[in-house]
Structures are given as structure tokens and as C-alpha cells.
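Breakdown of the fold
Residue strings, one per chain:
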Amino acid sequence: MEVRLARKMGFCFGVERAIQAAEETLARGGEIFSLGEIIHNRQVVERLAAKGLNVAHDPESVEGTVLIRSHGEGPDTLDQLTRRGVEIVDATCVLVKRAQGIVARLHEEGYRVVVIGQASHPEVRGVCGYAPDVICVDAPEDLDQLPLGGKLGIICQTTHSVKHFGDMVGLIVARGYAEVKVVNTLCNEVKDRQTAAVELAREVDVMFVLGGKQSANTRELARLCGEAGVPTHHLEDWGQFRPEMAHGKAVAGITAGASTPQWVVAEFADNLRRFQPDQQ
Ligand code: F3S
């Protein structure tokens, strides 16, 4: 079938840097842990595990060297690691570091900090640690947690869409606060991939969005493509493809999240080009 690729997709500079930091640290030898999986991609995690990168979920269980992934960590976790005397290799994405710094600064300036993001996402959990009493909201029904007055300082999870950020800020402002300071912490790498994915979705019969099921930016790409009105499948790789997904379709589009390696996309595209939907 005909296959078209999004003009922008796959690894972002933050993920590339984290993988490079892992490779360089592994090359030195010794015991190395990443705190949580280094990126939300099973294939990459397995490849680095084979080279000796251990995954730990508790800072108290790491020894030797610990790699902080691109999502970053909160100050409490970093303090805990420092107290344990482990070597820290910090691969926090510069854009996540910026968001962490903005949370601290908004608090110093007297704002009650509001983070628009998924409370359970590792980036958001970390960012919320940089000021006391940060409120995390991600849907209209969460807004009842907000105080009734005072000054609000708002930022957003880096991987959210412009539309979601704008919608949530609009709803917060409508509640009538005298002062609201909004700082744009969205990631342009994500925004560019979202724009390219929606453009492509409008010109194909079916979209395949490749990336880990845990990857927030991949899930958001799939949501936006679905919202554009095209049947959309979020898959990790070609192994999850089923013929019925392409049945009756002539043109397929492919995009991929910021933690999806190029070879996963290339393999999927090659197989899909050879696939003949009408003969299934
Ligand atoms: Fe950083 Fe954006 Fe990637 S925040 S980790 S460059 S998706």
C-alpha cells in the first residue's frame, strides 16, 4: 500500500542526549542504574540492558553510578542520591530543567504554582517538587482543587499540546483570578511533531503512530490524529500490526513519538509498503 511519513517524527534532542549519556557511561564500565526506564521505548531499554544498564525504581536501591533520564527528578530524590554518595549522571532534558527552574521562580515571586499535566507522569512528579504546595491539574474536573483567590503561576507538562494548554488556561482564567502568570513550557520538538502528524492525518486513510504505550507524547500524537477524523492505531512496532487495521485503505500515514528509534519506523514502513490490503 502507499505509505507516507510525517515530515517530522521520532527521537528528539532530549532523548538522543539521554541515550548518548547512557552509552558513554556504560563504555566506562562499573555498576550503572537508570532511575526508571531511560526512555519509554521497550526496544531501546532492552538494548541498553543487554549492555549492562540496570533499571531501579527506588533511589535507595542504587549503587555506583545513577543516570537521571530526560524526564528529570525532584529535588528530594536528588538529595537522597547525593546522601547515598552515588555518582549522578544528569541527562535531564534542558527544557524540563527550565520548567523546574520556572516552578521555583514562580514560587519565589509569590505565585501559587499550578502545573497543567498528568500527576502520575515522571516529568510532572519531578517538576512539582521544585516548590511547596504545587497543584497539578489536567482536566476541567480537577480545577476544584484550585484556591478561590490569590496569584496563580501556571506552567504545562512539556509534551502536552498547545490546544490542551490553551483550553486549560482559559478555564482557569475564567474562574476570575486577579493575577495569573502563564509561562509557556511546551516543547517545540513535540509541537512540531504534533503539527506534522495532524497535517499527514488529514491526507491519508489510516494513521499508524509508533511508540511505547507509556510514552505521553506518543499517546498525545495518537489522540490528535484520531481527533483529526482518521482511524488511528498506536502500536509499538510491526509485531503489533494486524491486517484488519489496513483493510480497505489505500494510503497509510506513519508518525512516531519522541522516544521511538528510526529503525522501528523504517521496519514498519518497509513492511507496510509490501502489504496489500485488498488481498487479505
Ligand atoms: Fe525534551 Fe522535548 Fe524531548 S522536553 S526530552 S526535547 S520531547
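Now for a quick tour of the structure. (Residues numbered from 1 in each chain as written. Predicted model: local features only at pLDDT ≥ 70, side-chain atom pairs only at ≥ 80, totals over all residues. Heavy atoms only, no water.)

**Some details on the layout of surface pockets**
Quick note on the threshold: In the cavity and pocket records, a cavity denotes points on a 1 Å grid over the protein atoms alone where a 1.4 Å probe fits but cannot get out, a pocket denotes an open set with protein on both sides within 12 Å along at least 5 of 7 lines, and lining residues are residues with an atom within 4 Å of a point. Grid points are joined across faces, edges and corners, and a volume is the space filled by probe spheres set on the points. We count a stretch as a helix when DSSP gives it H or I for four or more residues in a row; a strand needs E for two or more, and each element gets its number in order from the N terminus. We call Asp, Glu, Lys and Arg charged. Ala, Val, Leu, Ile, Met, Phe, Trp, Tyr, Cys and Pro are nonpolar, and the rest, Gly among them, are polar.
There is about 260 Å³ of room inside the largest pocket. Residue lining of the largest pocket: 16 residues in total, with Leu35, Gly36, Arg69, Glu73 and Arg125 positioned closest to the centre. It is helix H5 (residues 122–127) that provides the largest number of residues to the lining of the largest pocket, a total of three residues. Among the residues forming the lining of the largest pocket, the class breakdown is four nonpolar, eight polar and four charged. Top element by residues in the lining of the second largest pocket is helix H8 (residues 216–227). It accounts for five residues. Residue composition of the lining of the second largest pocket, grouped by class: one nonpolar, five polar and seven charged.

**Notes on the environment of Arg112**
The cut-off we apply is this: Burial status follows relative accessibility: with a 1.4 Å probe on protein chains alone, a residue under 20% of its type maximum counts as buried, one over 50% as exposed, and anything between as partly exposed. Only heavy atoms matter for contacts: two residues are in contact if any of them lie within 4.5 Å across the pair.
Mapped onto the secondary structure, Arg112 falls in strand S6 (residues 112–116). A relative accessible area of 33% places Arg112 in the partly exposed class. Through-space distance from the C-alpha of Arg112 to that of Ile154 is 8.4 Å; in sequence the pair is 42 residues apart. When residues no more than four places from it in sequence are discounted, the contact partners of Arg112 are Asp133, Ile135, Pro147, Lys151, Leu152 and Gly153.

**Things to note about the side chain of Ser215**
Inclusion rule: Pairing of N or O atoms within 3.5 Å defines a polar contact, subject to two protein rules: one partner must be a possible hydrogen donor and the other a possible acceptor, and residues neighboring in sequence count only if both atoms are side-chain atoms.
Along the chain, Ser215 turns up in the loop between strand S10 (206–210) and H8. In this structure the side chain of Ser215 is engaged in a polar contact, spanning 3.3 Å, whose partner is the side chain of Asn217. With sequence-adjacent residues up to four places away left out, Ser215 is seen in contact with His40 and Ser259.

**Section: the packing of aromatic side chains**
What counts here: Centre distance within 6.5 Å is the pairing criterion for rings of Phe, Tyr and Trp, where only the six-membered ring of Trp is used; planes under 30 degrees apart are then read as stacked, over 60 as edge-to-face, and the remainder as tilted. Placement of a charge over a ring requires the Lys NZ or Arg CZ to be within 6 Å of the ring centre, with the centre-to-atom vector within 35 degrees of the ring normal.
Overall, the coordinates contain six aromatic pairs when judged by the stated rule. Their ring planes at 10 degrees and their centres at 4.4 Å tell us that Trp238 and Phe241 sit as a pair that is stacked. Ring plane angle 85 degrees and centroid distance 6.2 Å describe the contact between Phe241 and Phe268, whose orientation is recorded as edge-to-face. Placement of the pair is Phe241 in the loop between strand S11 (232–235) and strand S12 (251–256) and Phe268 in helix H9 (residues 262–274), with a sequence separation of 27 residues. Here Phe241 matches Phe268 in class, with each residue buried. Taken together through their ring pairs, the aromatic side chains of Phe208, Trp238, Phe241, Phe268 and Phe275 make up a single cluster. Positioned over the ring face of Tyr111 is Lys151, at 4.5 Å from the centre of the ring.

**Thoughts on the nonpolar core**
Across soluble globular proteins, nonpolar side chains have a tendency to be buried as a group. The cut-off we apply is this: Nonpolar cores were defined as sets of buried Ala, Val, Leu, Ile, Met, Phe, Trp, Tyr and Cys residues, with membership established by side-chain atoms within 4.5 Å.
Met1, Phe208, Phe241, Ile254, Phe268 and Leu272 are the most contacted members of the largest nonpolar core, which totals 31 residues. Looking at this core element by element, the count peaks at five residues for S10. With residues near it in sequence (within four places) discarded, Met1 still touches Val206, Ala246, Lys249, Ala250, Val251, Ala252, Leu272, Arg273, Phe275 and Pro277.

**Regarding empty space enclosed by the protein**
Any space left empty among the atoms is revealed by the rolling of a water-sized probe across them. Applying the stated criterion across every chain yields a total of one cavity of 30 Å³ or more. Counted as a void, the largest cavity has a volume near 290 Å³. Residue lining of the largest cavity: 24 residues in total, with Cys12, Val15, Ser70, His71 and Thr159 positioned closest to the centre. Among the elements of the structure, helix H1 (13–28), helix H4 (94–108), helix H7 (188–201) and H8 are those that each provide at least two residues to the lining of the largest cavity. The greatest single-element share of the lining of the largest cavity, amounting to three residues, is contributed by H1. Residue composition of the lining of the largest cavity, by class: 12 nonpolar, 10 polar and two charged.

**Comments concerning the pattern of salt bridges**
The cut-off we apply is this: Counted as salt bridges are all cases of a side-chain nitrogen of Lys or Arg within 4 Å of a carboxyl oxygen of Asp or Glu.
Applying the stated criterion to the full structure yields 20 salt bridges. Note that Arg4 and Glu2 form a salt bridge whose closest N and O atoms lie 2.8 Å from each other.

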